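# What the coordinates show
Here is how the chains run, residue by residue.
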Amino acid sequence: MNRRSVYRYMAAALMMIVPAPGRFAVGILLAIELNLLMLTGTYFRSAVSRLRLGYISDALVILFLVCATMFYRQLLVIIIPEAALQLGFILYLPAVSSYCLEGIFSVKSAQLSERLPACLHDSLRYSLGMLLFFLFRDIAGYGTISYPTTLGIDELVLFDASRVSAFSFFATIPGTLIVLAGAVIAVLFVLNKRDIVRRAEQEALHD
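Residues numbered from 1 in each chain as written. Predicted model: local features only at pLDDT ≥ 70, side-chain atom pairs only at ≥ 80, totals over all residues. Heavy atoms only, no water.

## Remarks on the overall build of the chain
Secondary structure assignment for the chain yields eight helices and two strands. Its helices and strands taken in sequence order, the chain reads α-α-α-α-α-α-α-β-β-α from the N to the C terminus. A buried classification covers 39% of the 207 residues belonging to the chain. Pairs at least 24 apart in sequence give 74% of the contacts found in the chain among residues at least 6 apart. Entry remark: accessible area of the chain is about 11,600 Å², with carbon and sulfur atoms responsible for 69%. (Helix = DSSP H or I, 4+ residues; strand = E, 2+ residues; numbered from the N terminus. Buried < 20%, exposed > 50% of the residue type's maximum accessible area, 1.4 Å probe, protein only. Contact = heavy atoms within 4.5 Å. Areas by Shrake-Rupley, 256 points an atom, 1.4 Å probe, with all protein chains shown as cover.)

What follows is the structure, given as structure tokens:
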């Protein structure tokens, strides 16, 4: 991971995580959607690139991602209507996020056999971090671990969150921003330390 990846993840988190309800069930549904969009979008990008339509192909890919999101939302309406109602416009954020678009558009010259594993590896890694973040918000803010079912969103109660009201702050948007900022600072600190160690090793080799 480099600084560019950190900033890219941060932009995606600000768009997809911060506005979303701090429930683990929501994180699961958004992670599934994101990976489906990356999978189908990469295939569609590869197909339209063969037509050599220039900038029109980029617009077609964005249109495809929005249509795929609408299809995913309709599936949720059928399977988990409560979740579809709760998420609302948030379901469309992965389709237009810089993370998803850059992941699909940044590897135009690569073959599909190379592009697809790279995109999925990247999105799965981001999804894991996103799920851990939603899990933290769910436990700290509500004292539960929620999960989607065909009957709606169910939850496993761990403790009474009303007795630890200070932690509920992390389920709010300001609390989410603070946790994200802390995570970015920690990652950048580790990267800086890694760069210092590498430079020291290179200088030692030259000496």
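## What to know about the nonpolar core
Ranked by internal contacts, the top residues of the largest apolar core, which has 27 residues, are Ile17, Leu29, Leu30, Leu76, Tyr126, Met130 and Phe134. Secondary-structure elements contributing two or more residues to this core are helix H1 (3-16), helix H2 (24-49), helix H3 (55-79), helix H4 (81-87) and helix H7 (112-142). Broken down by element, the residue count for this core peaks at seven residues, all from H2. Membership of the second largest hydrophobic core comes to six residues, among which are Leu37, Val61, Ala68 and Ala95. (Core = buried A, V, L, I, M, F, W, Y, C linked by side-chain atoms within 4.5 Å.)

## Description of the packing of H2 against H3
Relative to each other, H2 and H3 sit at 145 degrees, their axes nearing to 9 Å. Both H2 and H3 take part in a crossing whose hand is right-handed. Between H2, through Leu29, Ile32, Glu33, Leu36, Leu37, Thr40, Gly41, Phe44, Arg45 and Val48, and H3, the contact on the second element is made entirely by Ser57, Asp58, Leu60, Val61, Phe64, Leu65, Ala68, Thr69, Tyr72 and Leu76. Of the residues that constitute the contact of H2 with H3, the class distribution is 13 nonpolar, four polar and three charged. (Axes fitted to C-alpha atoms, helices over the stretch in contact; angles between N-to-C directions. Left-handed = near helix turned anticlockwise from the far one by under 90°. Nonpolar A, V, L, I, M, F, W, Y, C, P; charged D, E, K, R; others polar.)

## Looking at the environment of Arg115
Along the chain, Arg115 falls in helix H7. Of the residues examined, Arg115 reaches a relative accessible area of 3% and is grouped as buried. Sequence-wise, Arg115 and Thr42 are 73 residues apart; in three dimensions their C-alpha atoms are separated by 7.6 Å.

## Overview of the pairing of strand S2 (residues 152-157)
Judged from the six bridges that link them, strand S1 (residues 144-149) and S2 form a sheet pairing that is antiparallel. Paired with Pro148 across the strands is Ile153, a residue of S2. Linking S1 to S2, which pair antiparallel, is a turn of two residues. (Pairing = 2+ DSSP bridges.)

## A short note on the packing of aromatic side chains
Applying the stated criterion across every chain yields a total of one aromatic pair. Judged by centre distance (4.4 Å) and plane angle (5 degrees), the ring pair of Phe44 and Phe64 falls under stacked. On the criterion of sequence distance, the pair formed by Phe44 in helix H2 and Phe64 in helix H3 is long-range, its members being 20 residues apart. Taking relative accessible area as the criterion, Phe44 reaches 24% and is therefore assigned partly exposed. Phe64 gets classed as partly exposed once you look at its relative accessible area, which sits at 25%. Directly above the aromatic system of Tyr142 lies the positively charged group of Arg23, at a separation of 4.4 Å from the ring centroid. (Phe/Tyr/Trp six-rings, centres within 6.5 Å; stacked < 30°, edge-to-face > 60°. Lys NZ or Arg CZ within 6 Å of the ring centre and 35° of its normal.)

Interpretation note: all reported values are geometric properties and have no functional meaning in isolation.
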